[in-house]
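Observations on chain architecture
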Amino acid sequence: MLVVFALILLALALFATERFPIDVTAILIMVLLMILEPWTQISPREGISGFANPATITVLAMLILSTGINRTGLVQLIGRKMAAFAGTDRRKQLAATIGVTGPVSGFINNTPVVAILVPVIADLAHEGRTSPSKLLMPLSFASMLGGTLTLIGTSTNILASDIAAQLGAESPSLGLRAFGMFEFTKLGVVVFAVGSLYLMTVGVRLLPERIPADEDLVEEYALQEYLADVVVPANSSLIGQTVREALGDDDLDIDVLQLIRYGERFDEPLARKEIHENDTLRLRTNRETLEYIMDAEGLTLSGGPRSEDDLHPEAEEPVLVEVVVPSGSFLVGETLTSSSFRQRYDANVLAFRTRGDVVRDRFEDIRIRVGDTLLVQAPPDSLTRLVENEDFIVAHEFDEVTYRSEKIPFAVGIIAGVVALPALDVLPIVVSALAGVVAMIFTGVLKPTELYSSVEWNVIFLLAGVIPLGIALQQTGAAALLGDAVASTGEFLPVIGVLWVFYLATGLLTSVISNNASVVLMIPVAANAAQSIGANAFAFVLAVTFAASTAFMTPVGYQTNLFVYGPGGYTFSDFILVGAPLQFLLSIVTTLGIAFFWGVRV
């Protein structure tokens, strides 16, 4: 047990500090469990069992199905109708955001739903003269609330269902079983309704106007002092050199964004462009470096862009756009230098937003994490490649993207079948989901080559890596020990009070580590605690599941929060201010709801 506890502490520390990507941490823990088999009781077969676990395969299939829906443009179509309905009425905009996102997230994995809707909602805010920060956090929160409506709303529900079924098979006295498709929908509806009411009344007042309604990205990122136009005089040593030869020294931290010659503008690629007398170079750099290069090369300052209109005065000029890095992106763990971002996409990064902090210089060697936002300047053709790439979430919609709208009926029918077959006990959810994947290929909703790119492999490796940790908790008796410790609170708390403690503990844990890891750690403990005090173990498992699926208090608590963190211009404290009251409110509502619908005693 001591060895298992030590590994848990190691996992918590690595998850919380993000020293490594969370999937790498999960695999590390899995390997250590197998290496330390004499103490952890995890054999190699059990160690890799997570890869063949029904929950892992089901989540994999659901991610592919969600991509199929995305390819048809169905969610985007709903989003546009939502925007048309809302117009410039802020209350309607918020109601439409919540009303569309929640129900859709009940049937499509909520993480891709948010990824799809971020640009839709950002444009809705921009066109409706509303600050995006008033809508993007509700978008994320509504997706989490909607994820509690059905078994397939979030990967957390699927994993919790499988763990409950395993515990029930090992200890029939617990009375645990897998969740049905609509097992907790009645409670999910209550949670969604209460959460929506909070966001529409209290939450909307607490949400910051972090970004002006008439947002200008140059002003928002305070780039005025980092963009400058310099003129090359007749006596400059730069004349005759290429841009790369003259200003390509990485130590200088200078990006040449544009070369202007007698009114003609040259954009990417500029590296091999030769510099002539009287050329104007548009630079991104800091004041210190600018002064140095002007003194050294005799350049003359001619001002610089103060807004997006100044930066791009003509329609055909490069576009300035925010790009969010989702999980599974090749950029995660890389730097802009190591990933060769500029060369790969002919695009310049002007600023870098990470965990609420905006970095405007010396960001090329910062290691990129999930949720980081890049302010990118790119020509139209490069932007199209960015929009169509699964490695990015571009925070604005673009008409150039083509969808398979003719396949919408097939996609909707397949999702309906995936939901209906398990609900009617015709097929297990894992079989139904895999059959749905095959159906999407046969009907042309997805191409065979898109299967592998549709999967967020970091999520799959995270699940496969943490599942053995739950097995070790159970087999070594560590879960029983922790369960007995928490059950001791039953000496001075009623059973419903102990249930509430588990909800709060899971919510706090999920705020600093992965929601899936929280479920793996907490469900065995909750089940053992319930057994110790003669309580309904199913009720305790539900409390843990709902708490892990609704982590509002921090941007790192749930992946969807990271997706809106940068585009919303939020700070860490914004999530605490808006999310903590909601988390506390739902802890009471969920606990009372579980007691009412399922009872807390055996």
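The rules behind these values
Residues numbered from 1 in each chain as written. Predicted model: local features only at pLDDT ≥ 70, side-chain atom pairs only at ≥ 80, totals over all residues. Heavy atoms only, no water. Helix = DSSP H or I, 4+ residues; strand = E, 2+ residues; numbered from the N terminus. Rg over C-alpha atoms; globule rule 2.2 N^0.38 Å. Buried < 20%, exposed > 50% of the residue type's maximum accessible area, 1.4 Å probe, protein only. Areas by Shrake-Rupley, 256 points an atom, 1.4 Å probe, with all protein chains shown as cover. Lys, Arg positive; Asp, Glu negative; His and termini not counted. Charge placed at Lys NZ, Arg CZ, Asp CG, Glu CD. Core = buried A, V, L, I, M, F, W, Y, C linked by side-chain atoms within 4.5 Å. Pairing = 2+ DSSP bridges. Salt bridge = Lys/Arg side-chain N within 4 Å of Asp/Glu carboxyl O. Phe/Tyr/Trp six-rings, centres within 6.5 Å; stacked < 30°, edge-to-face > 60°. pLDDT = per-residue confidence, 0-100. Contact = heavy atoms within 4.5 Å. Axes fitted to C-alpha atoms, helices over the stretch in contact; angles between N-to-C directions. Parallel < 35°, antiparallel > 145°, perpendicular 65-115°, else oblique. Left-handed = near helix turned anticlockwise from the far one by under 90°. Nonpolar A, V, L, I, M, F, W, Y, C, P; charged D, E, K, R; others polar. Patch = residues over 30% accessible without salt bridge, like charges linked within 9 Å, V, L, I, M, F, W, Y side chains within 5 Å. Arc of directions from axis to C-beta. Polar contact = N/O pair within 3.5 Å; in protein donor to acceptor, adjacent residues only side chain to side chain.

**So, the overall build of the protein chain**
Within the protein chain, the secondary structure is distributed over 26 helices and ten strands. Taken against the 2.2 N^0.38 rule, which gives 25 Å for 602 residues, the C-alpha radius of gyration of the protein chain at 26 Å falls within 12% of a compact globule. For the protein chain, the C-alpha atoms occupy an extent of roughly 90 × 55 × 50 Å along the three principal directions. Going through the 602 residues of the protein chain one by one, you find that 59% of them count as buried. As displayed, the protein chain offers around 23,100 Å² of accessible surface, 60% of which is attributable to carbon and sulfur atoms. Side-chain charges in the protein chain split into 36 positive and 62 negative, and the spacing between the mean points of these groups amounts to 6 Å.

**Some words on the nonpolar core**
The biggest cluster of nonpolar side chains holds 143 residues, and the ones touching the most others in it are Leu 65, Phe 141, Met 440, Phe 502 and Phe 540. By size, the runner-up hydrophobic cluster in this structure holds 20 residues, among which are Val 321, Val 359, Val 376 and Leu 383.

**Topic: the pairing of strand β9 (residues 373–378)**
Where burial is concerned, most of β9 is hidden: six out of the six residues are buried. In this structure, strand β6 (residues 319–324) lies alongside β9, joined through six bridges in antiparallel fashion. Within the sheet, the bridge partner assigned to Leu 320 lies in β9 and is Gln 377.

**Focus on the pattern of salt bridges**
Within the structure shown, the criterion is met by seven salt bridges. A salt bridge links Glu 450 to Arg 404; the nearest nitrogen and oxygen atoms lie 2.7 Å apart. Remark: Arg 404 occurs in the loop between β10 (393–394) and α18 (408–423) and Glu 450 occurs in the loop between α19 (429–442) and α20 (457–475); sequence separation between them is 46 residues. For Glu 450, a relative accessible area of 11% corresponds to the buried category.

**Structural notes on the packing of aromatic side chains**
Evaluated as defined, the whole model comprises 14 aromatic pairs. Arranged with centres 5.2 Å apart and planes meeting at 75°, the rings of Phe 596 and Phe 597 form a pair that is edge-to-face. Judged by relative accessible area, Phe 596 falls into the exposed class, the value being 66%. Classification of Phe 597 as partly exposed rests on a relative accessible area of 29%.

**Brief notes about the sheet that holds strand β8 (residues 357–359)**
One open sheet holds the five strands; their spatial order is β8-β7-β9-β6-β10, and the pairing between them is antiparallel. The open sheet has two edge strands, β8 and β10, and neither has a second partner. Of the pairings in the sheet, the one linking strand β7 (residues 348–354) to β9 comprises five bridges and is antiparallel in character. Looking at the pairing, Val 349 lines up with Val 376 of β9.

**Describing the confidence of the model for the protein chain**
Looking at the protein chain as a whole, its pLDDT mean stands at 84, while 94% of the residues score no less than 70. At the level of individual helices and strands, the protein chain shows its lowest average pLDDT in helix α15 (residues 308–311), which scores 61, and its highest in helix α11 (residues 185–206), which scores 94.

**Brief notes about the environment of Val 394**
Note that Val 394 resides in strand β10. In the structure, Val 394 is positioned 69 residues away from Val 325 in sequence and 8.9 Å away in space, judged by C-alpha atoms.

**Re the sheet that holds strand β1 (residues 227–231)**
An order of β3-β2-β4-β1-β5 is seen for the five strands of this open sheet, with the pairing classed as antiparallel. One side of each edge strand has no neighbouring strand; the edge strands of this open sheet are β3 (264–266) and β5 (300–301). Of the strand pairs in this sheet, strand β2 (residues 255–261) and strand β4 (residues 280–284) are connected by five bridges, and their pairing is antiparallel. Its bridge partner being in β4, Leu 259 is matched across the sheet by Leu 281. Packing of helix α14 (residues 287–297) onto the sheet brings it into contact with β1, β4 and β5, and relative to β1 it is tilted by some 5°.

**Description of the packing of helix α7 (residues 90–105) against α11**
Axis angle and axis distance: for two packed helices, these are the angle between their axes and the distance between the axes, and together they describe the pair. At their nearest, the axes of α7 and α11 sit 11 Å apart, and the two run at 155° to each other. The angle between α7 and α11 places the two elements in the roughly antiparallel class. Along this stretch, α7 crosses α11, giving a crossing that reads as right-handed. Contact residues: α7 offers Arg 91, Leu 94, Ala 95, Ile 98, Gly 102 and Pro 103, while α11 offers Phe 192, Ser 196, Leu 199, Met 200 and Val 204. When grouped by side-chain class, the residues that make up the contact of α7 with α11 number eight nonpolar, two polar and one charged.

**As for a nonpolar patch on the surface**
On the surface, a cluster of nonpolar side chains totalling about 520 Å² of accessible area is made up of Ile 48, Phe 51, Tyr 452, Trp 457 and Phe 461. Its location among the elements puts Tyr 452 in the loop between α19 and α20. Judged by its relative accessible area of 61%, Tyr 452 falls in the exposed class.

**Some details on helix α21 (residues 478–487)**
When α21 is considered as a whole, its buried residues turn out to be Ala 478, Ala 479, Gly 483 and Ala 487. Seen from one end, α21 has its buried residues packed into an arc of 165°, which puts them on one side. Where the residues of α21 are buried, they touch α1 (2–17), α20 and α23 (515–532).

**Quick word on unusual backbone geometry**
The phi angle at Gln 41 is positive, at roughly 65°, despite the residue not being glycine. Phi angles above zero are rare outside glycine, and Asp 425 is one such case at about 60°. Topologically, Asp 425 is positioned in the loop between α18 and α19.

**As for the side chain of Asn 110**
As for its placement among the helices and strands, Asn 110 is situated in helix α8 (residues 110–127). At 3.2 Å, the side chain of Asn 110 forms a polar contact with the side chain of Tyr 558. For Asn 110, the residues in contact, after removing those within four places along its chain, are Ser 105, Ser 143, Met 144, Gly 147, Gly 153, Thr 154, Tyr 558 and Thr 560.

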